[in-house]
Amino acid sequence: MELTPRRHELLCTYLLGIGTLFLYTGYSLQQFIGESVIHSIHEKSPDTISAYAGYYGAAFHLSAFAVCTLITPSLQHFVPSKWFLTLASALFAVYYLGFFHLNKYYFYLTQALMGIGYSFYNNGEGQYLSEHSSRRTIESNTGIETAVGHASMFFGGIALIVLCFLLHTEGGNGIEYSDLQIRFIYGTMFILNVFSVIVFAFLPTKQYDSIASKSSTVVPSFANQIKQLLKAFQSKNLLILMPFFFFQGFAVSFLMTVYPTTLSFTFAFRTDIYIIGIYSVSMGLAEAIGGIFLRPLLKRAGDYGLYVIAATNFLSYSIIIILAVLSIPNLATFGPTNSAPLFLTPSRLLVFIIGFLIGFSDFCVTMARAVICQVAVPDCRMQVFSLSKLYQSGSSVVVLLLTPYMTIYIWLCVLTVFLFIGTFGFVIVARRTAADRQKHSVAHPSQAQLADKI
């Protein structure tokens, strides 16, 4: 029995979401625990790898991602989307294998390869959805794929809690990982990635009334692509938005690497093996609730939706910064510390609240960038997306390289400055593009949200 076009679309969308769920579950977990795992290995064998290789490796990863972000949009004219996705997932899997016998050269090389894979995945995801969605169903399909695929924070947190429970030994603590624990955790990530490779490799390719099939198939010349990129780069709106994209880079580095690392290094959590899992679950819940409640609210807000989401993000992150200042020991970015926090005693409840606010803010920023990139330079949407990722990744690389020299208070000062400047610039561009948003009825933050999970 042949499926109807709509059921075929749904099948493709759910399979893409399932493959993404397998891919992102391992990815988010390794981001959260990467620096503390590396620190553990360094403590046992200092010559194997630097104590701060988790930070440096993330910088390698994001550098490769930033460079490839400018190239992969051109490659999508020649490479089918399902093979983009399959290759991306395979590059992630290669990284996890390195933890069975860690070598610093292999570690940095595969971090870079994972960055290339991430770039491939971002473009493959958006391309595949456009091939299996009509203009009428693109928002619905993207919502489904996001709900299924990007629930990885929640499921990843649960998986980490279960793994820590099974692998915990008497006398163990939350900041030290034995060789067996490391191999078991990263072996689990590798198996999840193998599942994602299989799902992506067998994705259906048949198209019906899709956006891609209705679009022009003319491949732009390299010279024209460079001209479009320069046009976007020189536009006033994009220059004004640069601090906003820098803030997103800092915020992603904080939520994925820095904050979970400080949890592992905080004295109050020295025996709490579940704290990173609790943080991950809280972020996953926030992302889901944001999709359920915030998206309909933005639709009702109409032309004021961008202002609502910018204000929501500003308020959420302001609370995050205040709670972080009061509850995180200043030296917790460097290693295990006995220093007391400024005012609030760290607790699971406080971590859950901060994690929830971080996840909610991440959802807000993702939605905000999704819309603003479509209208900032209307004739160069793809180039604007690429440059926004370049700015985000560039700021992440710089701050991660400097993190071994930054206390948490310096980190939070940087976030505060760019939160204010970035929000101000975002509101200015929102006002400058109000007429264009009304003209084009931008109802698909989905298009950019496809690629916005780093």
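Figured I'd write up the structure that's included with this text. (Residues numbered from 1 in each chain as written. Predicted model: local features only at pLDDT ≥ 70, side-chain atom pairs only at ≥ 80, totals over all residues. Heavy atoms only, no water.)

## Let's talk about the overall build of the protein
Regarding its fold elements, the protein presents 18 helices and 0 strands. Relative to all contacts within the protein whose residues are 6 or more apart in sequence, the contacts with residues 24 or more apart total 86%. Of the roughly 18600 Å² of accessible surface on the protein, a fraction of 69% belongs to carbon and sulfur atoms. (Helix = DSSP H or I, 4+ residues; strand = E, 2+ residues; numbered from the N terminus. Contact = heavy atoms within 4.5 Å. Areas by Shrake-Rupley, 256 points an atom, 1.4 Å probe, with all protein chains shown as cover.)

## A closer look at the side chain of Thr407
For Thr407, the location among the structural elements is in the loop between helix 15 (381–402) and helix 16 (408–432). Residue Thr407 is classed as buried on the basis of its relative accessible area of 15%. If sequence neighbours within four positions are ignored, Thr407 has contacts with Asn330, Leu331, Thr333 and Phe334. (Buried < 20%, exposed > 50% of the residue type's maximum accessible area, 1.4 Å probe, protein only.)

## Notes on the side chain of Ser28
Mapped onto the elements of the fold, Ser28 is located in helix 1 (residues 5–44). A relative accessible area of 3% means that Ser28 is categorised as buried. Of the polar contacts made by the side chain of Ser28, one reaches the backbone oxygen of Thr25; its length is 3.2 Å. Those residues in contact with Ser28 that sit more than four places away from it in its chain are Ser152, Met153 and Met256. (Polar contact = N/O pair within 3.5 Å; in protein donor to acceptor, adjacent residues only side chain to side chain.)

## What about the nonpolar core?
Formed by 114 residues in total, the largest nonpolar core has its most connected members in Ile33, Tyr186 and Phe254. When residues of this core are assigned to their parent elements, the largest contribution, 15 residues, is made by helix 14 (residues 348–375). For this core, the two domains that each supply at least three residues are domain 1 (1–205) and domain 2 (222–443). Those residues in contact with Ile33 that sit more than four places away from it in its chain are Leu160, Tyr177, Ile185, Tyr186, Met189 and Ile276. (Core = buried A, V, L, I, M, F, W, Y, C linked by side-chain atoms within 4.5 Å. Domains from an automatic or database assignment.)

## Some thoughts on a nonpolar patch on the surface
Taken together, the side chains of Phe155, Ile158, Val162, Phe165 and Leu166 define a hydrophobic patch exposed on the protein surface, amounting to about 490 Å² of accessible area. Note that Phe165 resides in helix 7 (residues 152–167). On the basis of relative accessible area, Phe165 is assigned to the exposed category, the value being 55%. (Patch = residues over 30% accessible without salt bridge, like charges linked within 9 Å, V, L, I, M, F, W, Y side chains within 5 Å. Salt bridge = Lys/Arg side-chain N within 4 Å of Asp/Glu carboxyl O.)

## Re the pattern of salt bridges
Side-chain pairs of opposite charge can arise where the charged atoms are in close proximity. Scanning all chains against the criterion turns up 2 salt bridges. For Asp179, the salt bridge is made with Lys44, and the minimal N-O distance between the two is 3.9 Å. Residue Asp179 is located in helix 8 (residues 179–201), and its partner Lys44 is located in helix 1; the two are separated by 135 residues in the primary sequence. Given a relative accessible area of 48%, Lys44 falls into the partly exposed group. Residue Arg348 is joined to Asp272 by a salt bridge in which the shortest nitrogen-to-oxygen separation is 2.9 Å.

## Some thoughts on the packing of aromatic side chains
Counting across every chain of the model gives 32 aromatic pairs. When the centroid spacing of 5.4 Å and the interplanar angle of 80° are considered together, the rings of Phe154 and Phe155 count as edge-to-face. Since its relative accessible area comes to 43%, Phe155 is described here as partly exposed. With 5.0 Å between their ring centres and 70° between their planes, Phe250 and Phe418 make a pair best called edge-to-face. Placement of the pair is Phe250 in helix 11 (residues 236–265) and Phe418 in helix 16, with a sequence separation of 168 residues. For Phe250, a relative accessible area of 9% translates into the label buried. (Phe/Tyr/Trp six-rings, centres within 6.5 Å; stacked < 30°, edge-to-face > 60°.)

## What to know about the packing of helix 1 against helix 4 (residues 81–97)
The interhelical angle for the contact between helix 1 and helix 4, taken along N-to-C directions, is 25°, at an axis separation of 11 Å. The angle between the axes of helix 1 and helix 4 places the two elements in the roughly parallel class. Taken as a pair, helix 1 and helix 4 cross one another with a handedness that is left-handed. Two secondary-structure elements touch here, helix 1 through Leu16, Leu23, Gly26, Tyr27 and Gln30 and helix 4 through Leu85, Ser89, Phe92, Tyr95 and Tyr96. (Axes fitted to C-alpha atoms, helices over the stretch in contact; angles between N-to-C directions. Parallel < 35°, antiparallel > 145°, perpendicular 65-115°, else oblique. Left-handed = near helix turned anticlockwise from the far one by under 90°.)

## Things to note about helix 1
If you check helix 1, its first and last C-alpha atoms are 57 Å apart, about what 40 residues at 1.5 Å a residue would give, namely 58 Å. The principal kink in helix 1, of about 50°, is found at Ile33. For helix 1, the buried fraction is high: 29 of the 40 residues fall into the buried class. (Expected span 1.5 Å × (residues − 1). Bend = angle between axes of the 7 residues up to and from the residue.)

## What to know about the environment of Leu21
As for its placement among the helices and strands, Leu21 is situated in helix 1. Each C-alpha atom, one on Leu21 and one on Val148, is 6.6 Å from the other, the two residues being 127 residues apart in sequence. The contacts of Leu21, once residues within four sequence positions are left out, are Val148, Gly149, Ala151, Ser152 and Phe155.

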